[in-house]
Amino acid sequence: MELLRPCVPAMADAMTAAVLAQVPTYRELPDPDSFHAGLAQTAELFLDMAAAGASELPASARLPLRALSAQRAAQGFAVEEVLRSLQVSTQSGWQYMARNLAAATGDVDNSLAMAELPVVLVRFVAAVRFELVEGFHAGVSQHDRRRADLLEDLLTESFSDETELLERARGVGVGLAGGHSLVLLISPDPAADLTLLGQS
């Protein structure tokens, strides 16, 4: 595994390029450098797990993965795009590792590592995927809650600072600048209305 450590920055370059080429929405990321750094950290995490023979993600890695996926949800990405990014970056990273390990096939340790890596990689990707999905759903729930709170405050005029209100609206993808008309749809079922407002 140590053979691959110096290659992580270049591996992250290849993974980033692959994602940007195959998942077009990722080209709209506000901070591409942060995305690249995240892929490099993920590659380092994989190498750490492979070197230690670990089968589970360390607890310290789970929260950042969930937070990242929740952020993607808040940015308007679909969960399918997040998971596609994982698939593409994994494939590109694996191809990079395979080429570099193949260059040292005469080394017994590297040959053994090459044989073991696919098993470790499958476990790693499954664990990362789980954390990303959990984080994304949590992000969506939080986003919906914030939208519902915004709507309720608008309906009840429960705000004193219009600037703050506009900021909150922008944060959930709602533009309130300029004149607006509010159309309120009331269903025959009061419980359904409460559900729409997030009050159920």
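For clarity, every value in this text was computed on a predicted model and none was experimentally measured.

## Observations concerning the overall build of the chain
Then step 1. Across its full length, the chain holds seven helices and zero strands.
Then step 2. When the helices and strands of the chain are placed in sequence order, the string is α-α-α-α-α-α-α.
Then step 3. Within the chain, residue pairs in contact and separated by at least 24 positions form 73% of the contacts whose partners lie at least 6 positions apart.
Then step 4. Carbon and sulfur atoms make up 57% of the accessible area of the chain, which amounts to about 11,800 Å² in all.

## Details of helix 1 (residues 8-22)
Then step 1. The terminal C-alpha atoms of helix 1, which comprises 15 residues, lie 21 Å apart, in line with the 21 Å expected from a rise of 1.5 Å per residue.
Then step 2. For helix 1, the set of buried residues is Val8, Met11, Ala12, Met15, Thr16, Ala18 and Val19. Viewed end-on, helix 1 has its buried residues packed into an arc of 165°, placing them on one side of the element.

## Some words on the side chain of Arg5
Then step 1. When you line up the elements, Arg5 lands in the segment before helix 1.
Then step 2. At 2.8 Å, the side chain of Arg5 and the side chain of Asp48 are in polar contact.
Then step 3. Those residues in contact with Arg5, other than ones at most four positions away along the chain, are Glu44, Leu47, Asp48 and Ala51.

## Examining the pattern of salt bridges
Then step 1. In this structure the tally under the stated criterion is four salt bridges.
Then step 2. For Arg62, the salt bridge goes to Glu56, with nearest N and O atoms at 3.9 Å.
Then step 3. Looking at Arg62, the relative accessible area reads 31%, which means it is partly exposed.
Then step 4. Among the ionic pairs, Arg66 bridges to Glu131, the shortest N-O distance being 2.5 Å. Of this pair, Arg66 sits in helix 3 (residues 59-74) while Glu131 sits in helix 5 (residues 108-156), and the two are 65 residues apart along the sequence.

## A short note on the layout of surface pockets
Empty space left among the atoms is revealed by rolling a probe the size of a water molecule over them.
Then step 1. Reported here for the largest pocket is a volume of approximately 730 Å³.
Then step 2. Taken together, 36 residues make up the lining of the largest pocket; nearest its centre are Gly38, Leu39, Thr42, Leu65 and Leu68.
Then step 3. Sorting the residues of the lining of the largest pocket by element identifies helix 1, helix 2 (32-52), helix 3, helix 4 (79-102) and helix 5 as the ones contributing at least two each.
Then step 4. Top element by residues in the lining of the largest pocket is helix 2. It accounts for ten residues.

Cut-offs used in this document
Residues numbered from 1 in each chain as written. Predicted model: local features only at pLDDT ≥ 70, side-chain atom pairs only at ≥ 80, totals over all residues. Heavy atoms only, no water. Helix = DSSP H or I, 4+ residues; strand = E, 2+ residues; numbered from the N terminus. Contact = heavy atoms within 4.5 Å. Areas by Shrake-Rupley, 256 points an atom, 1.4 Å probe, with all protein chains shown as cover. Expected span 1.5 Å × (residues − 1). Buried < 20%, exposed > 50% of the residue type's maximum accessible area, 1.4 Å probe, protein only. Arc of directions from axis to C-beta. Polar contact = N/O pair within 3.5 Å; in protein donor to acceptor, adjacent residues only side chain to side chain. Salt bridge = Lys/Arg side-chain N within 4 Å of Asp/Glu carboxyl O. 1 Å grid on protein atoms, 1.4 Å probe; cavity = no way out; pocket = protein on both sides within 12 Å on 5 of 7 lines; lining within 4 Å. Points joined across faces, edges and corners; volume = space filled by probe spheres on them.

Take it as geometry only, folks, not as evidence of what the structure does.
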